[in-house]
Amino acid sequence: MQSLIPQPKQIQVKEGEAFQFSEDVSLSLYMEQHDPRLVVHCRRSFPELECTHVISGKGYSLILQSLSQPETKGAQPDEVDLKLLNGRAEGYRLEVSERRVVIRALDAPGLFYGLQTLLQLLKSVGEVPAVSITDWPDTTLRVMNFDLRQTFSKPELLLSYLADFARYKTNAVLIEYEDKFPFQKYPEFVHPQHSLSLTQLEELKRTAHEYFIEIIPLQQSFGHLEYVLRHDAWRHLRETELSLGEICPSYPESFELITDLLQEMMDAHPDSRYIHLGCDEVYSLCECERCKTLFGGVRERAFIAFLNTLIEFTASRGKKVIFWHDMLDKCPPEELAKLDKRSAAMIWIYNGRNIEAEVSSLADKFRSLGIEVMGAPAVRSFDWAEHQNYPVLLNRTDNLLQWAETADKLDLGCMVATNWTGPFSLGVPYGIFETTWYPMLLHADLAWNRKADSATFIDRFMEQFHGIDPRTGHAQLGNYQLEDYYDVIWKLLDKVKDHKDEAELIAIMHDFEAATDRSRAIHKYVYRWELYPGDEAERHSLLNNYMRNRRGRENVLPRMKAALERYQPSDMAEHFVKSRFYLHDYLERTLYRELGFAQVE
């Protein structure tokens, strides 16, 4: 019971026997309006049962009942008192008794989420405990993030991950396609190997809709445009020659280019209410002579002027604009007042102990102008560790918990779990998407229920995601807490029943870090050799440490590549592995060869 993610608002274990699944169980679906997605999910969840569905009454109901039991009154949804949900969108009531299982909801997504809770309770056991649950989300838009700039999962896995997100009641995904979007007008911006095809893009959108997930496309429009401005044909639009990612807002051609990209993105996502313009980290802003003259050298004035033209363009086409907040963090009030109100500021703050104070100040500033505010913690970010392999968890859990409290205080309607693959498109990857499930599901837990018990989350995750009974884990390792997941899961590898591949990937990354941490210490032994040249003891000490870390690297390299190829195209997996081993390969060719160690066996 404690393994539910997200943790329900109200849950009461009832007296009585559990509901038993057997061949004589009937499944009835009642819908206020026909939604074929509900029919599909009911049949997919219980393929052995015949599903009858009717349009009837108010609200939505799913009823599982043993045919051996007498018909019970109150089966029809129009007879049900749904007032306990108080009109809360996407909420549900789940009642389980020995005789039947009933899920009630005011809308189709609510019934879908009630079904997900039922499936979590069921798991692999053919019974559901007698329980009463009333549940609803605290956050309207609960968003995960696909960052396709550096390394990302195979397209078929991206589809399956949408289903996983929905299982934990996520209802939106922010996708930064960059050069993986199949641009038609500018094919030179399209990655030659890894861009999604038009067919794959349509399948991504279809699957998202099937799982009640809204796609929010992100098209960079001001900064982070390295994949565009690196081309000779467009470099003249850089703010300065060295501004590899920042476009100059003073050129009419800049507006034409960006709006062309936005138009393609909007055309490809007709059902998306929002489009994210990016606009963060515009490092070279108002530095060229044209901008200095046109905007009086005021950076925020240049930023808002260009942003406003883009807001007008997208709003006139029926989309709500989202932009990252940071370029307006310290904007003078007289300049900020010029910002088009048909926009939403997405505040991203990933570190520090004062999230509530910082976000509250920013939110007050934007809201006073009638601008919507959204929030963005991170499940993976820079964290001053570009080679992190898996997230820096102490930072990430603290950030997510602070943001949950802040979202509750400020009543934020949208929370995005940003999950960055790298600092920008010219960098190297931070790590692999599949190592981030733990903080992603913590975000799912807190976005749905801001008061969820974080102290029990690691146990709920271990049981729900990996099938490890908390008693088994603690019996073997003793006490562990929220931020300890990456330190303990590889020690429990033989206990993992579900998502074993993900656990093995983390174990491989741990082994890599153990080997390379020792490798980074080699310079200390080299330094001692410089102090005591020709000393036999010093040379043996250096040689022993060299051989130890070399054996560790040679052991982990093929395992890392094989594990990554489960998730990524082979050349992308190769790219990640090379990015991790490049320094050590370079040292083999230079320092270790100079020391006479490179050929030592």
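Residues numbered from 1 in each chain as written. Predicted model: local features only at pLDDT ≥ 70, side-chain atom pairs only at ≥ 80, totals over all residues. Heavy atoms only, no water.

Before going further, it helps to examine the overall build of the protein chain. In terms of helices and strands, the protein chain carries 20 helices and 19 strands. Among the 601 residues that make up the protein chain, the fraction classed as buried is 58%. Considering only intrachain contacts with a sequence separation of at least 6, the fraction spanning at least 24 residues in the protein chain is 74%. For the protein chain, the exposed surface amounts to about 25,000 Å²; the carbon and sulfur share of it is 51%. The protein chain carries 68 positive and 91 negative side-chain charges, and their two centres are separated by 1 Å. (Helix = DSSP H or I, 4+ residues; strand = E, 2+ residues; numbered from the N terminus. Buried < 20%, exposed > 50% of the residue type's maximum accessible area, 1.4 Å probe, protein only. Contact = heavy atoms within 4.5 Å. Areas by Shrake-Rupley, 256 points an atom, 1.4 Å probe, with all protein chains shown as cover. Lys, Arg positive; Asp, Glu negative; His and termini not counted. Charge placed at Lys NZ, Arg CZ, Asp CG, Glu CD.)

This part takes up the pattern of salt bridges. Overall, the coordinates contain 41 salt bridges when judged by the stated rule. Residue Asp164 pairs with Arg167 through a salt bridge whose shortest N-O separation is 2.4 Å. Taken together, the residues span about one helical turn, with Asp164 and Arg167 both in helix 3 (residues 155-167) at a distance of 3 residues. Measuring nitrogen to oxygen at the nearest pair gives 3.1 Å for the salt bridge that ties Asp494 to Lys495. (Salt bridge = Lys/Arg side-chain N within 4 Å of Asp/Glu carboxyl O.)

A few words on the pairing of strand 10 (residues 141-147). Burial of strand 10 is extensive: 7 of the 7 residues sit out of reach of the surface. The two faces of strand 10 match: Leu141, Val143, Asn145 and Asp147 on one face and Arg142, Met144 and Phe146 on the other face are all buried. One ladder, built from 5 bridges, connects strand 10 with strand 11 (residues 172-176); its direction is parallel. Bridged to Asp147 within strand 11 is Glu176. (Pairing = 2+ DSSP bridges.)

Quick look at helix 13 (residues 457-466) now. Along helix 13, 9 of the 10 residues are buried, which leaves the element largely enclosed by surrounding structure. Burial in helix 13 covers these residues: Phe457, Ile458, Asp459, Arg460, Phe461, Met462, Gln464, Phe465 and His466. Downstream of helix 13 by a residue or two, Gly467 has a phi angle that is positive, lying close to 70°.

Attention now moves to the pairing of strand 7 (residues 100-105). For a regular strand, the rule is simple: side chains alternate between the two faces of the sheet. The buried count for strand 7 comes to 6 of 6 residues, which makes it a mostly enclosed element. Where strand 5 (residues 60-66) lies against strand 7, 6 bridges are found, and the strand directions are antiparallel. Bridge pairing links Leu64 to Val101 in strand 7. Here strand 6 (residues 92-96) folds back onto strand 7 in antiparallel fashion, the turn holding 3 residues.

Peptide bonds are trans in most cases, and residues, glycine excluded, mostly fall at negative phi. The amide bond that connects Ile5 to the next residue, Pro6, takes the cis arrangement and shows omega of -5°. Along the chain, the position of Pro6 falls in the segment before strand 1 (10-13). At Phe212, a residue that is not glycine, the phi angle is positive and equals roughly 60°. Relative to the helices and strands, Phe212 resides in the loop between helix 4 (198-210) and strand 12 (214-218).

Right, let's get into the side chain of Glu214. Following the sequence through the fold, Glu214 ends up in strand 12. Here the side chain of Glu214 touches Arg273 through a polar contact of 2.7 Å, side chain to side chain. Setting aside its immediate chain neighbours within four residues, Glu214 contacts Leu141, Asn171, Ala172, Val173, Ser272, Arg273 and Tyr274. (Polar contact = N/O pair within 3.5 Å; in protein donor to acceptor, adjacent residues only side chain to side chain.)

Turning our eyes to something else, we now look at the nonpolar core. Residues Leu64, Phe146, Phe165, Tyr177, Phe303, Leu339 and Tyr485 are the most contacted members of the largest nonpolar core, which totals 164 residues. Residues in contact with Tyr485, not counting those within four places in the same chain, are Leu393, Tyr438, Ile458, Phe461, Met462, His466 and Ile506. (Core = buried A, V, L, I, M, F, W, Y, C linked by side-chain atoms within 4.5 Å.)

Attention shifts here to the packing of helix 6 (residues 252-268) against helix 8 (residues 299-315). When two helices pack together, their arrangement is captured by the angle between the axes and the distance separating the axes. Put simply, helix 6 and helix 8 touch, their axes get as near as 11 Å, and they point 35° apart. You can see that helix 6 and helix 8 cross each other, and the crossing is right-handed. Only Phe306, Thr309, Leu310, Phe313 and Thr314 of helix 8 make contact with helix 6, whose side of the interface consists of Ser254, Phe255, Ile258, Thr259, Leu262, Gln263 and Met266. Here the contact of helix 6 with helix 8 is built from residues that sort into 7 nonpolar, 5 polar and no charged. (Axes fitted to C-alpha atoms, helices over the stretch in contact; angles between N-to-C directions. Left-handed = near helix turned anticlockwise from the far one by under 90°. Nonpolar A, V, L, I, M, F, W, Y, C, P; charged D, E, K, R; others polar.)

Here we come to the environment of Leu595. Mapped onto the elements, Leu595 comes out in the segment after helix 20 (591-594). Among the residues examined, Leu595 registers a relative accessible area of 14% and is labelled buried. Along the primary structure Leu595 and Arg539 are separated by 56 residues, whereas in three dimensions their C-alpha atoms are 9.7 Å apart. Those residues in contact with Leu595 that lie beyond four places of it in its chain are Val526, Trp529, Arg539 and Leu542.

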